[in-house]
Amino acid sequence: MLFVKNLVKKFGDFTAVDDISFRIEKGEFVAFLGPNGAGKTTSIKMFTTLLHPTSGTIELNGINPVKDTFDARRSFGIVFQDPSLDDELTAYENIEIHAVLYKIPKKDRPGRIKELLNFVELWERRNNLVKTFSGGMKRRLEIARSLMHQPAILFLDEPTSGLDPQTRNHMWEYIQRLNREQQMTVVFTTHYMEEAAKFARKIIIIDHGKKIEEGTPDELIKKAHASTLEDAFLNFTGHDIREETASAADRMRQRRQAWRGK
Amino acid sequence: MSTIYILWLRQLKRYLRSKARIVGSLAQPLLFLVAMGFGFGPFFQKAGQGNYMEFLSPGIIAMSILFTAIFTGIDMIWDRQFGFLKETFVAPVPRSYIITGRVLGGATVAAIQGAIVLALTFIFGFRVGNWFLIPATLVIMLVVATLFAALGSAIATQLEDMQGFQLIMNFLVMPMFFFSGALFPLNGLPSILTIVARFDPMTYGVDSLRVLLTSAGGMALSPSIIVLFVLAAGLLWLTTVLFSRMEL
Ligand SMILES: Nc1ncnc2c1ncn2[C@@H]1O[C@H](COP(=O)(O)OP(=O)(O)OP(=O)(O)O)[C@@H](O)[C@H]1O
Ligand SMILES: [Mg+2]
């Protein structure tokens, strides 16, 4: 489903993603685990055609996203790390724009939108402006929107950052159901160790742009001779996932999120 | 086509829902009409230049189109910071459609704003020279709006934040307005200002509207309109190129 080989992304002299390779098969539920600035978002941006790789190859659903950009875009759904809804429009209108952009036939739209808004329990709020929604509701709407065109693979970049634990669990229930019931391939990033351990069936640890390890949570713990994933991470990378200092750009973004009350 | 339409519609909905923005952007032209119109009117008349309200009104209509249309750029920076732009960037549609929808949406909003201001000028005694020219006037208002919506968007592709746009407002948009002949006649100005006015796209917008509304323009009408069309097309093209190269 997602085959990545020797992927590199450089910003000037700085290497944000450094020679990453892995294979993800259909129906897998995979976590990209790494501290702030590890290169998770940059990787996802390359998988989703927002950034050109400096070198290396990507194959997504049998498509080369660098060449067949539009075909690739129809194959994946994405929930970005930062919000990406139009606050001045209603929940329904936000999904409707997506449906038009992805050329969903007009007659199929109302039924499908209703189904998805029901799935994330927002149907009752469909005619409310998004700016009146809580952080969790916005996230749910973004998930519903990303599913509108029935993607084969779903990318979620820190889908639960800024949400309270209860909302977070709720969110994972939706995503797990998608994976279980529709065999949808799910790739998410996180720097919450517990989340990766609890939900992912495969974890890819990245640090400073490099892939450090890959395996099921149990395999990783065993391999590192550790008792928890937390310890395993420490053993693999030589530092705690939380100790990493965020880069200036990341701190800016975090401040912006805080300022937005998220 | 449907992509362009839905993004055009989005701009319109955002405008119609933001009552504060509509009222706010009418306050400024009103203030200009009252303060300048009544303040300078007597001097203008004494200087043998005729009725100032008649001279000023097309300029103020053009001004409100300019400011509203340039706002399309601010909208883009906003969408970039608050994320909606990303949603359109990963969609399987060409960037050129996205930017066309955005610019036309912003231009339509600005043209509507211009039409409202035109209606307002009637309250202050402005009279249209020839009602049969009103449809043509509305078309030209849309062209002027497209020109500046494209310009604002082109600038916005190069900026990361609002502060940058503030500079553009002060050092580009305000001078474009002041030296366009919106407020005073361009004849008899120091030659340096005449040259500035010649290179100011706003000059051609003000002149075209003045001719169409009062049939008393400074430049011959047709050249001004041709300049407007060429500039609007050129800027739309430039914006598309810049927008297509944009990375988030
Ligand atoms: N456009 C850019 N130009 C220059 N450097 C960049 C750019 N985008 C990202 N970087 C840098 O690349 C590195 C990886 O960033 P990235 O956003 O991929 O990290 P991340 O793993 O997603 O982190 P976080 O957990 O904070 O989201 C960071 O050091 C970041 O500052
Ligand atoms: Mg990230």
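First, a word on what this report is: a plain description of the structure on this page.

So, how was this worked out
Residues numbered from 1 in each chain as written. Chains lettered and ligands numbered in written order. Predicted model: local features only at pLDDT ≥ 70, side-chain atom pairs only at ≥ 80, totals over all residues. Heavy atoms only, no water. Helix = DSSP H or I, 4+ residues; strand = E, 2+ residues; numbered from the N terminus. Rg over C-alpha atoms; globule rule 2.2 N^0.38 Å. Contact = heavy atoms within 4.5 Å. Areas by Shrake-Rupley, 256 points an atom, 1.4 Å probe, with all protein chains shown as cover. Near = heavy atom within 4 Å. Polar contact = N/O pair within 3.5 Å; in protein donor to acceptor, adjacent residues only side chain to side chain. Nonpolar A, V, L, I, M, F, W, Y, C, P; charged D, E, K, R; others polar. Core = buried A, V, L, I, M, F, W, Y, C linked by side-chain atoms within 4.5 Å. Buried < 20%, exposed > 50% of the residue type's maximum accessible area, 1.4 Å probe, protein only. Donors = N, O, S within 2.8 Å, 3.2 Å for Na, K, Ca; no water. Buried area = accessible area lost by both parts, 1.4 Å probe. Salt bridge = Lys/Arg side-chain N within 4 Å of Asp/Glu carboxyl O. Pairing = 2+ DSSP bridges. Axes fitted to C-alpha atoms, helices over the stretch in contact; angles between N-to-C directions. Expected span 1.5 Å × (residues − 1).

Attention now goes to the overall build of chain A. Within chain A, the regular secondary structure consists of ten helices and nine strands. Over its C-alpha atoms chain A spans a radius of gyration of 18 Å, differing by no more than 12% from the 18 Å that the globule rule assigns to 262 residues. Projected onto the principal axes, the alpha-carbon positions of chain A cover approximately 55 × 40 × 40 Å. Residue pairs in contact within chain A that sit at least 24 positions apart in sequence constitute 67% of those at least 6 positions apart. Of the roughly 11,700 Å² of accessible surface on chain A, a fraction of 48% belongs to carbon and sulfur atoms.

Residues and elements named next belong to chain A. Around ligand 1, the surrounding shell holds 17 residues, and the nearest of these are Asn36, Gly37, Lys40, Thr41 and Thr42. Measuring from an oxygen atom of ligand 1, one finds a side-chain N or O atom of Glu158 at 2.9 Å. Within the complex, the protein chains bury 76% of what would otherwise be the 630 Å² of accessible surface of ligand 1. Taken together, the elements giving at least two residues each to the shell around ligand 1 come down to strand 2 (14-24), helix 1 (40-47) and helix 10 (248-259). Per element, the largest residue contribution to the shell around ligand 1 is three residues, and it comes from helix 1. For the shell around ligand 1, the residue count by class is five nonpolar, eight polar and four charged.

In terms of nonpolar packing, the biggest core is built from 158 residues, with Leu2, Phe47 and Phe155 of chain A together with Phe148 of chain B touching the most fellow members. Top contributing element to this core by residue count: helix 3 (residues 52-81) of chain B, with 15 residues. Sequence-distant contacts of Phe148 of chain B, defined by excluding residues within four places in its chain, comprise Leu66, Ala69, Ile70, Met176, Pro201 and Met202 of chain B.

Turning next to the coordination of the magnesium ion (ligand 2). Protein-derived ligands of the magnesium ion (ligand 2) are Thr41 of chain A (OG1) and Gln81 of chain A (OE1), with the metal-ligand distances lying across 1.8 to 2.2 Å. Linking Thr41 of chain A in helix 1 with Gln81 of chain A in the loop between strand 5 (76-79) and helix 3 (91-101), this pair joins segments that are 40 residues apart in sequence.

In this complex, chain A contributes 31 residues to the contact, which on the side of chain B involves 22 residues. When chain A packs against chain B, close to 2,600 Å² is buried across both sides, 60% of that on carbon and sulfur atoms. Of all residues in chain A, the largest losses of buried area upon contact with chain B belong to Leu50, Ile97 and Leu101 of chain A, amounting jointly to 22% of the total for that side. Counting across the interface, chain A meets chain B through five salt bridges. A salt bridge links Arg145 of chain A to Glu87 of chain B, with the shortest nitrogen-to-oxygen separation between them at 3.4 Å. For the interface between chain A and chain B, the tally reads ten residue pairs in polar contact (both at pLDDT 80 or more). At the level of elements, helix 2 (69-75), strand 5, helix 3 and helix 10 of chain A are the ones that each hand at least two residues to the side of chain A that touches chain B.

Residue and element names in this part refer to chain A. Judged by pairing direction, the sheet is antiparallel, and its three strands sit side by side in the order 2-1-4 without closing on themselves. The open sheet has two edge strands with one neighbour each: strand 2 and strand 4 (55-60). Taking each pair of neighbouring strands and ignoring which way they run, the sheet shows an average axis angle of 20 degrees. In the sheet, strand 1 (residues 2-11) pairs with strand 2 via seven bridges, with the strands oriented antiparallel. By the bridge assignment for strand 2, Leu2 is matched with Ile24. The strands touched by helix 1 are strand 1, strand 2 and strand 4; relative to strand 1, the strand with the most contacts, the crossing angle is about 120 degrees.

Attention now moves to helix 1 (residues 2-17) of chain B. Given a rise of 1.5 Å per residue, 16 residues ought to cover 22 Å, and the 22 Å separating the end C-alpha atoms of helix 1 of chain B matches this to within 8%. Three or more residues of helix 1 of chain B are buried, namely Thr3, Ile4, Ile6, Leu7, Arg10, Gln11, Leu12, Arg14 and Tyr15 of chain B. Where the residues of helix 1 of chain B are buried, they touch helix 3 of chain A together with helix 2 (19-46), helix 3, helix 4 (84-89) and helix 5 (95-123) of chain B.

So, about the sheet that holds strand 6 (residues 153-157) of chain A. Residue and element names in this part refer to chain A. Across the sheet, six strands lie side by side as 5-6-7-3-8-9; this open sheet has mixed pairing. Bordering the open sheet on either side are strand 5 and strand 9 (210-215), each of which pairs with just one other strand. Here the strands of the sheet are splayed against their neighbours by 15 degrees on average, with no regard to which way each runs. In the sheet, strand 6 pairs with strand 7 (residues 185-190) via five bridges, with the strands oriented parallel. Bridge assignment links Asp157 to a residue of strand 7, and that residue is Thr189. Helix 6 (residues 165-182) rests against strand 3 (29-33), strand 6 and strand 7 of the sheet, and its axis sits at about 135 degrees to strand 3. On top of the sheet, helix 9 (residues 229-237) reaches strand 3, strand 8 (202-207) and strand 9; it is set at about 40 degrees to strand 8, its chief contact.

Before going further, it helps to spend a moment on unusual backbone geometry. Residue and element names in this part refer to chain A. One non-glycine residue, Glu121, adopts positive backbone phi at about 55 degrees. Topologically, Glu121 is positioned in the loop between helix 4 (109-119) and helix 5 (135-147). Its identity is not glycine, yet Glu158 carries a phi of approximately 45 degrees, on the positive side.

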